[in-house]
Amino acid sequence: MEQLYLQTTQLIQETTDLFYKLERDPSENIENAIQSKINAINANCEKLDILVFKTPINQRPTAKMRVDQLKYDNKHIQASLLNAQNKRRRRQQEQEDREQLLSRRFGHDHTAINVDFLGQERNSLQSSHQHVDEMLHTGSNILQTLRYNRDTLKGAHRRLIDLANTLGLSNATISLIERRVSQDKYILFGGMFVTLTVIVLVVFFLV
């Protein structure tokens, strides 16, 4: 299990490096390479889920938390890839629309007219809409991440209590752990509230 875990961690690192390349050179080939890595990580996580139940019972909660972290990282990578693909498609569509607009001819004599100023105005509007869409998409990803973190914290809370009972920790220690999880929950809800507030203000003032 340890070897497969290390291989999966290496795949995540390689995928992160591919994102740096994608920022410098947005291309469909790099996106396909990233998707291939994501598929491999998913397959490894499924195998790790099976191997977790084969580990000694006292090591099982820790092993499950490590596998859950790999799944979380992979979900974040998938969301980043979708965002990058959407950006590339929008840039391609804007370029095609611009070329089509600038190549359009009017009149019976097919005299080309200069429509640069119209193209600039249109691109400006498209850019504004694009920024709003990106902010909404980013906000949606943040909310999804916060929801996933909330579920992870709940699961970690339950596993920590089980682990504490297994190791025979005192009630005072368990109470301290529960208090810390409760504080983390308030921080999570506060982050969700601030994120929603920012998204509403952006949509209100920019749209």
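Residues numbered from 1 in each chain as written. Predicted model: local features only at pLDDT ≥ 70, side-chain atom pairs only at ≥ 80, totals over all residues. Heavy atoms only, no water.

1. So, the overall build of the chain
Along its length, the chain carries five helices and zero strands. Secondary structure elements of the chain, listed N to C terminal, follow the sequence α-α-α-α-α. Counting every position in the chain, which comprises 207 residues, the buried fraction comes to 29%. Contacts spanning at least 24 positions in sequence make up 72% of the contacts within the chain whose residues lie at least 6 apart. Here the chain displays about 13900 Å² of accessible surface, and carbon together with sulfur accounts for 57% of that area. (Helix = DSSP H or I, 4+ residues; strand = E, 2+ residues; numbered from the N terminus. Buried < 20%, exposed > 50% of the residue type's maximum accessible area, 1.4 Å probe, protein only. Contact = heavy atoms within 4.5 Å. Areas by Shrake-Rupley, 256 points an atom, 1.4 Å probe, with all protein chains shown as cover.)

2. Notes on the confidence of the model for the chain
When pLDDT is averaged along the chain, the result is 77, and 79% of the positions lie at 70 or above. Per-element confidence in the chain is highest for helix α2 (residues 28-52), whose mean pLDDT is 88, and lowest for helix α4 (residues 116-167), whose mean pLDDT is 70. In the predicted structure, residues 106-114 sits below a pLDDT of 50 and forms four contacts with residues beyond four places in sequence or in another chain. (pLDDT = per-residue confidence, 0-100.)

3. Focus: the packing of α2 against helix α3 (residues 60-102)
Orientation of α2 relative to α3, taken along the N-to-C sense of each, is 160°, at an axis distance of 10 Å. The angle between α2 and α3 falls in the class roughly antiparallel. Regarding α2 and α3, the two cross each other, and that crossing is left-handed. Residues belonging to the contact of α2 with α3 are distributed by class as follows: 12 nonpolar, five polar and seven charged. (Axes fitted to C-alpha atoms, helices over the stretch in contact; angles between N-to-C directions. Parallel < 35°, antiparallel > 145°, perpendicular 65-115°, else oblique. Left-handed = near helix turned anticlockwise from the far one by under 90°. Nonpolar A, V, L, I, M, F, W, Y, C, P; charged D, E, K, R; others polar.)

4. What to know about the packing of aromatic side chains
Evaluation of the coordinates by the stated rule reveals zero aromatic pairs. Here the guanidinium or amino end of R66 rests over the ring plane of Y5, the centre of that ring lying 3.9 Å away. (Phe/Tyr/Trp six-rings, centres within 6.5 Å; stacked < 30°, edge-to-face > 60°. Lys NZ or Arg CZ within 6 Å of the ring centre and 35° of its normal.)

5. Comments concerning the environment of L22
Within the secondary structure layout, L22 lies in helix α1 (residues 2-24). Overall, the relative accessible area of 7% leaves L22 in the buried class. In the structure, L22 is positioned 62 residues away from A84 in sequence and 8.3 Å away in space, judged by C-alpha atoms. Excluding anything up to four places from it in sequence, L22 contacts S27, I30, E31, I34 and A84.

6. What about the pattern of salt bridges?
Scanning all chains against the criterion turns up five salt bridges. Here E2 makes a salt bridge to R66, at a shortest N to O gap of 3.2 Å. One end of the pair, E2, is in helix α1; the other, R66, is in helix α3, and 64 residues separate them in sequence. In this structure E2 comes out as partly exposed when scored by relative accessible area, which is 41%. (Salt bridge = Lys/Arg side-chain N within 4 Å of Asp/Glu carboxyl O.)

7. Considerations on the environment of L153
Topologically, L153 is positioned in helix α4. L153 sits in the partly exposed class, given a relative accessible area of 31%. When the C-alpha positions of L153 and L188 are compared, they lie 9.9 Å apart, and in sequence the two are 35 residues distant.

8. Considering the nonpolar core
Ranked by size, the top nonpolar core spans 20 residues in total, and within it F19, L22, I34, L48, L70 and I77 carry the most contacts. In contact with I34, other than residues within four places in its own chain, are T15, L18, F19, L22, I77 and L81. (Core = buried A, V, L, I, M, F, W, Y, C linked by side-chain atoms within 4.5 Å.)

9. Remarks on the packing of α1 against α3
The geometry of α1 relative to α3 is characterised by a closest axis approach of 11 Å and an angle of 20° between their N-to-C directions. Relative to α3, α1 is oriented roughly parallel. By crossing handedness, the relation of α1 to α3 is classed as left-handed. Of the residues in α3, those touching α1 at E2, Y5, T8, T9, I12, T15, F19 and L22 are R66, L70, D73, I77, S80, L81 and A84.

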